[in-house]
Amino acid sequence: MEIERKFIPKDLPKNLNNYKHLKIEQAYLNTAPVVRIRKQDEEYFLTYKGGGMMAREEYNLPLNETSYNHLLKKADGNVITKTRFLIPIHDGLTAELDIFEGKFAGMLLVEVEFESLEQADNFVPPDWFGKDVTNDGRYHNSYLSKIK
């Protein structure tokens, strides 16, 4: 089960490049349910996500580079590229700040994953997080993949 909240940051943390970051490329084979392939640095995954906004089923399976490239040719819509910064915040949580590239260059999104719905509901975001868009499907990457 994936439980996460999403925000549009109004500011960026200082010294952003001091945080660990990942280069991500992902594409969608299907969007309802979500079937996604992802290259994350030099790791490859196939992901299934069920329906829902803040909480939904999620299963990740490993892929190799050959399988990823084969499936990438079969993907529909936009390939999403972004750099994800992993920023420690309060209560042992990590903010995943995505800075989009390519077609969505300039778009920013920050997500936090939680262990429980109660933890997610009680979360008080840092001020720099900005507007909560958790329940707005337009901020799901699967939606972005379909924008022409």
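Residues numbered from 1 in each chain as written. Predicted model: local features only at pLDDT ≥ 70, side-chain atom pairs only at ≥ 80, totals over all residues. Heavy atoms only, no water.

Caption draft 1: Representation of the pairing of strand β2 (residues 20-31) within the structure. When β2 meets strand β7 (residues 76-88), the two strands line up antiparallel, connected through eight bridges. From the neighbouring strand, Y28 faces β7, where its bridge partner is D76. Sheet analysis places β2 next to strand β3 (residues 34-40), joined by seven bridges and oriented antiparallel. Looking at β3, one finds that E25 is bridged to K39. (Pairing = 2+ DSSP bridges. Helix = DSSP H or I, 4+ residues; strand = E, 2+ residues; numbered from the N terminus.)

Caption draft 2: Fine view of the side chain of K82. Summarising the element assignment, K82 is placed in strand β7. Overall, the relative accessible area of 0% leaves K82 in the buried class. Engagement of the side chain of K82 in a polar contact is seen with the side chain of D98, the distance being 3.1 Å. (Buried < 20%, exposed > 50% of the residue type's maximum accessible area, 1.4 Å probe, protein only. Polar contact = N/O pair within 3.5 Å; in protein donor to acceptor, adjacent residues only side chain to side chain.)

Caption draft 3: Seen up close, the nonpolar core. With 17 residues, the main nonpolar core has A95, V112, F123 and F129 as its most contacted residues. Within the residue set of this core, elements represented by two or more residues are β1 (2-8), β7, β8 (94-100) and β9 (108-113). Excluding anything up to four places from it in sequence, F123 contacts R5, F7, I89, H90, L93, V112, F114 and F129. If you look at the next biggest cluster of nonpolar residues, it comprises ten residues, including Y28, F104, M107 and L144. (Core = buried A, V, L, I, M, F, W, Y, C linked by side-chain atoms within 4.5 Å. Contact = heavy atoms within 4.5 Å.)

Caption draft 4: Structural detail: a negative patch on the surface. Taken together, the side chains of D41, E42, E43 and E65 make up a negatively charged region of the molecular surface. As for its placement among the helices and strands, E43 is situated in strand β4 (residues 43-49). (Patch = residues over 30% accessible without salt bridge, like charges linked within 9 Å, V, L, I, M, F, W, Y side chains within 5 Å. Areas by Shrake-Rupley, 256 points an atom, 1.4 Å probe, with all protein chains shown as cover. Salt bridge = Lys/Arg side-chain N within 4 Å of Asp/Glu carboxyl O. Lys, Arg positive; Asp, Glu negative; His and termini not counted. Charge placed at Lys NZ, Arg CZ, Asp CG, Glu CD.)

Caption draft 5: Quick peek at the environment of R56. Locating R56 in the fold gives a position in strand β5 (residues 55-56). Among the residues examined, R56 registers a relative accessible area of 7% and is labelled buried. C-alpha of R56 to C-alpha of E2: the two residues are 54 residues apart in sequence and 5.4 Å apart in space. With sequence-adjacent residues up to four places away left out, R56 is seen in contact with M1, E2, V34, K49, G50, G51 and H140.

Caption draft 6: Broad picture of the pattern of salt bridges. Tallied over the full model, the rule gives 13 salt bridges. Put simply, E96 and R84 hold a salt bridge, and the shortest N to O gap is 3.6 Å. You can see E96 sitting in strand β8 and its partner R84 sitting in strand β7, a full twelve residues away along the chain. The pair E96 / R84 is uniform in exposure class, with both members buried.

Caption draft 7: Summary view of the packing of aromatic side chains. What the rule picks out here adds up to seven aromatic pairs. Judged by centre distance (6.2 Å) and plane angle (55°), the rings of F7 and F123 are tilted. Residue F7 is found in strand β1, and its partner F123 is found in the loop between α2 (117-122) and β10 (131-132); the two are separated by 116 residues along the sequence. Taken as a pair, F7 and F123 share a single burial class, namely buried. Centroid distance Y44 to Y68: 5.3 Å. Interplanar angle 50°. Geometry classified as tilted. One end of the pair, Y44, is in strand β4; the other, Y68, is in helix α1 (residues 65-72), with 24 residues separating them in the sequence. In this structure, Y44 and Y68 share a single accessibility class: buried. Members of the aromatic cluster, each reached through a chain of ring pairs, are F7, F114, F123, W128 and F129. (Phe/Tyr/Trp six-rings, centres within 6.5 Å; stacked < 30°, edge-to-face > 60°.)

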